[in-house]
Amino acid sequence: MPEVVDQSTRSSASPSAIWALLADTTTWSDWGDWSEAELLREGTPPPGGVHSVKRLKHFPVTTVEEVTVFEPERRLGYELRSGMPLNNYRAEVTLTPADGGTEIRWRSQFEPKVPGSGGIYRRALSRFMADAVKRLAAAAESRP
């Protein structure tokens, strides 16, 4: 049974304002708790579409992720390629118009490589993703 992390928040920003930040990997360290965010390979459509690969650093972890779903202003999905001891890590961020703003939902699921460690990773990722959705919402709201 996979572990699931599901975090959401509401933003007064439009889906297009949020998407502008979410789709551009190079902004992730501006609004999120990553020290570095780098696009390693462009995807379709360029730069951050399907099959693009990004590297994100959050001490002491550096992850590499590949975009698997790219639906502008609606959904961004990705899979972990390296960086955490997890199998089948998949995540998706969905943006849903709501009351003149946007509902942001960040959901992931995974299986721990080390039996019994799933709860530890679920709790850590839950805190991290709860912070990420709030930061993403605030960053989009503060853009001109």
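In this text the structure is predicted, and so the values were computed from the model without any measurement. (Residues numbered from 1 in each chain as written. Predicted model: local features only at pLDDT ≥ 70, side-chain atom pairs only at ≥ 80, totals over all residues. Heavy atoms only, no water.)

### A closer look at the packing of helix 1 (residues 15-22) against helix 3 (residues 118-142)
It is the contact of helix 1 with helix 3, at a shortest axis distance of 9 Å, that shows an interaxial angle of 115°. Relative to helix 3, helix 1 is oriented roughly perpendicular. The handedness of the crossing between helix 1 and helix 3 comes out as right-handed. On the side of helix 1, the interface is formed by Ala-17, Ile-18, Leu-21 and Leu-22, while helix 3 contributes Leu-136, Ala-139 and Ala-140. Taken together, the residues of the contact of helix 1 with helix 3 sort by class into seven nonpolar, no polar and no charged. (Axes fitted to C-alpha atoms, helices over the stretch in contact; angles between N-to-C directions. Helix = DSSP H or I, 4+ residues; strand = E, 2+ residues; numbered from the N terminus. Parallel < 35°, antiparallel > 145°, perpendicular 65-115°, else oblique. Left-handed = near helix turned anticlockwise from the far one by under 90°. Contact = heavy atoms within 4.5 Å. Nonpolar A, V, L, I, M, F, W, Y, C, P; charged D, E, K, R; others polar.)

### A look at the pairing of strand 5 (residues 75-82)
When a strand is regular, its side chains alternate between the sheet's two faces. In this sheet, strand 5 lies alongside strand 4 (residues 61-71) in antiparallel orientation, the contact comprising seven bridges. Within strand 5, the position partnered with Val-69 by the bridge is Gly-77. The antiparallel hairpin formed by strand 4 and strand 5 contains three residues in its connecting segment, where Glu-73 sits at a positive phi of about 65°. Sheet topology places strand 5 next to strand 6 (residues 86-98); five bridges connect them, and they run antiparallel. Along strand 6, the bridge assignment pairs Leu-76 with Val-93. Between strand 5 and strand 6, which follow one another and run antiparallel, lie three residues, and Gly-83 among them has a positive phi close to 120°. (Pairing = 2+ DSSP bridges.)

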